[in-house]
Amino acid sequence: MAKIVNSWNDWDPLKRVIVGRCDNSMIPPEEPATSEKVPVDSEMRGMWGLRPAKTVERGNECLDNLVKILEDRGVVVDRPTPLQWNQAIGTPDFRNDSMMTCMPPRDILLTVGNEIMASANSFRCRYFEYLAYWPLMKQYFDEDPDFLWTQAPRPRLTDASYKHNYYDEKITLEERLVRTANKDFVTTEVEPMWDAADLMRMGKDIFIQHGLTTNRTAMDWFQRYYPEYRIHAVNFPGDPYPIHIDATFVPLRPGLIINNPHRKLPEEQRAIFEANDWQIVEAAQPAHDEPPALCYSSVWLSMNCLVLDPKTVIVEASEVYQQEQMDKLGMNVIPCDLRDAYPFGGGLHCSTADVYREGECLDYFP
Ligand code: ABU
């Protein structure tokens, strides 16, 4: 039997990966945690339903293109099994009129060494998204005797999990920033809630963004679950919609991180990197002024790259400034046309989940 699952960080040589699919994707109805994610002036406010078929086709084309790039370089690619996401769902605690998608996998699956853990997302519409990955989990379980297939404690997502009317329609950008600075987010602390894309794995250290999708209780839970790791809370005060660390603070190789210049890591949280001679470089400006239509994410998906090994990175094809910067930082850049997949949940890093990277658990911050 082979070793299928192993990954300790985002830069070791990538050998096996999951790439999402756009099939049956929905714009979910508003619910307590999601309305805060859609900017007030977005065309998505107030609408929900199946995403237009043409955009699904085009999104899938982009993802298939990424798969080809990966396979041409010898990376094994696995794909989820989409559900009929337009079904209404219910648990003893809540009802929701639909699910969402199986894009992006990075929000749902956290790989730490030989373990893949399904997350505890705060969006009700994402409650059953893990099911799209269960056939793969079973396959890894059958083929790799060391694989740990786990599910984080399932949140109840009752009304008590959210601050209701947290943002009203009239809240200004400045007020949002004050809330971010005060670490005042839409979820409460009644249970651990987290998106896997809020975690950055760096060997013995795991950095977790406190924001709209991950709460402090989740960080406490992680520290108890992984007593042998150091769990660090990080936050980025310049971000009015703090969701997911991978368009904000992105390691390229040991010793080098790019940081979103609008979402700088606070001085006191930089200390650990500086004390260990890591360089934190401001990321290049995005090539676009706006995200594509019906997209949840910001233009900073420009820096949401997929590192294949410490010298090679895939960057979105239209993000010419980011490519140029990566090149100057000594990376070999592979462009990939992915922008039309952004509306389904994110960029190159978001669209993937690690299965196997060569390497072991190292202590980068002794
Ligand atoms: N899923 C990453 C989104 C981050 C951003 O919108 O900047």
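We now turn to the structure provided with this report. (Residues numbered from 1 in each chain as written. Predicted model: local features only at pLDDT ≥ 70, side-chain atom pairs only at ≥ 80, totals over all residues. Heavy atoms only, no water.)

### Notes on the overall build of the protein
As a reminder, the rule being used: Segments assigned H or I by DSSP are reported as helices when at least four residues long, segments assigned E as strands when at least two residues long, and all are numbered from the N terminus. For each residue, the accessible area found with a 1.4 Å probe, counting protein chains only, is set against the maximum for its type, and the residue is called buried under 20%, exposed over 50%, and partly exposed in between. In what follows, a contact means two residues having at least one pair of non-hydrogen atoms within 4.5 Å. Working convention for charge: Lys and Arg count positive, Asp and Glu count negative, and His plus the chain ends are omitted. Charge placement uses NZ in Lys and CZ in Arg. For Asp and Glu, CG and CD serve respectively.
Of regular secondary structure, the protein possesses six helices and 19 strands. Structurally, the protein occupies a C-alpha span of about 45 × 45 × 40 Å along its principal axes. Of all 366 residues assigned to the protein, the portion counted as buried reaches 60%. Considering only contacts in the protein between residues 6 or more positions apart, those separated by 24 or more positions represent 74%. For the protein, the distance from the average position of its 37 positive side-chain charges to the average position of its 56 negative side-chain charges is 1 Å.

### What about the site of the ligand?
The line we're drawing: The cutoff for a nearby residue is simple: one of its non-hydrogen atoms must lie within 4 Å of the molecule or strand. Counted as a polar contact is a pair of N or O atoms within 3.5 Å, where, for protein atoms, one must be capable of donating a hydrogen and the other of accepting one, and residues adjacent in sequence contribute only when both atoms are in side chains. Here the open area of atoms and residues is found with the Shrake-Rupley method and a 1.4 Å probe, where only the protein chains shown may cover a residue. Three classes are used: nonpolar for Ala, Val, Leu, Ile, Met, Phe, Trp, Tyr, Cys and Pro, charged for Asp, Glu, Lys and Arg, and polar for all others, with Gly counted as polar.
Near the ligand you find Ile243, His244, Asp246, Ala247, Arg263, Ser297, Ser298 and Cys350, and these make up its full shell. His244 places a side-chain nitrogen or oxygen 2.9 Å from a nitrogen atom of the ligand. Ser298 places a polar side-chain atom, nitrogen or oxygen, 2.6 Å from an oxygen atom of the ligand. The protein chains hide 93% of the 250 Å² of surface that the ligand would expose on its own. Looking at side-chain class alone, the shell around the ligand contains three nonpolar, three polar and two charged residues.

### Points about helix H1 (residues 53-72)
Our working rule: Multiply 1.5 Å by the residue count of a helix minus one, and that product is the helix's expected span.
An ideal rise of 1.5 Å per residue puts 28 Å on 20 residues; H1 measures up with 28 Å between its terminal C-alpha atoms. Against strand S1 (14-19), strand S4 (76-78), strand S16 (306-309), strand S17 (312-316), strand S18 (332-336) and strand S19 (352-357) lie the buried residues of H1. Taken from the residues just after H1, Gly74 is the one with a positive phi, measuring 85°.

### Some words on unusual backbone geometry
Put simply, Met103 and Pro104 share a cis peptide bond, and its omega is -5°. Residue position: Pro104 is located in the loop between strand S6 (95-96) and strand S7 (109-112). Even without glycine at this site, Leu157 takes up a positive phi of about 55°. Mapped onto the secondary structure, Leu157 falls in the loop between strand S9 (148-151) and helix H3 (173-181). The backbone of His244 sits at a positive phi, close to 75°, despite the residue not being glycine. You can call His244 buried: its relative accessible area is 8%.

### Some thoughts on the nonpolar core
Applicable threshold: By nonpolar core is meant a set of buried Ala, Val, Leu, Ile, Met, Phe, Trp, Tyr and Cys residues that side-chain atoms within 4.5 Å join together.
Counting residues in hydrophobic clusters, the biggest one holds 32 residues, and the most contacted among them are Met202, Phe249, Leu252, Ile258 and Phe273. Put simply, the parts of the chain that give this core at least two residues each are strand S10 (199-202), strand S13 (249-253), strand S14 (256-259), strand S15 (279-282) and S17. Among residues more than four places away in sequence, those in contact with Ile258 are Thr248, Phe249, Val250, Leu252, Val281, Ala283, Met303, Gln322, Gln325, Met326 and Leu329.

### Quick notes on the sheet that holds S17
Cut-off, in case you're wondering: Strands pair, by our definition, only if DSSP identifies at least two bridges between them. Inter-axis angles, ranging from 0 to 180 degrees, are taken between N-to-C directions of lines fitted to C-alpha atoms, where helices are fitted over the stretch in contact.
Strand order in the open sheet made by the three strands is S16-S17-S18, with mixed pairing throughout. A strand with exactly one partner marks an edge of an open sheet, and here the two such strands are S16 and S18. Ignoring which end each strand starts from, the neighbouring axes of this sheet average 25° apart. Here five bridges tie S17 to S18, and the two strands are oriented parallel to one another. Paired with Glu316 across the two strands is Cys336, which belongs to S18. Packing against the sheet, H1 makes contact with S16, S17 and S18, and its axis sits at approximately 150° to S18. Each of S17 and S18 is contacted by helix H6 (residues 320-328), which is oriented at about 165° to S17, the strand it contacts most.

### Focus on the sheet that holds S15
The three strands are arranged S13-S14-S15 in an open sheet whose pairing can be described as mixed. On the outer flanks of this sheet lie S13 and S15, each paired with one strand and no other. This sheet shows a mean twist of 30° between the axes of neighbouring strands, independent of strand direction. Pairing between S14 and S15: four bridges, direction parallel. Across the sheet, residue Leu256 finds its bridge partner in S15, namely Gln279.

### Here we look at the pairing of strand S11 (residues 205-209)
Consecutive side chains along a regular strand alternate between the two faces of the sheet. When you tally the buried positions in S11, you get five out of five residues, the bulk of the element. For S10 and S11, the ladder comprises four bridges, and the chain directions are antiparallel. Counted as the bridge partner of Met202 is Asp205 from S11. In this antiparallel pair of consecutive strands, S10 and S11, the connection spans two residues, and Gly203 shows a positive phi of 60°. Examined bridge by bridge, S11 and strand S12 (residues 230-234) share five bridges and lie parallel to one another. Counted as the bridge partner of Asp205 is Arg230 from S12.

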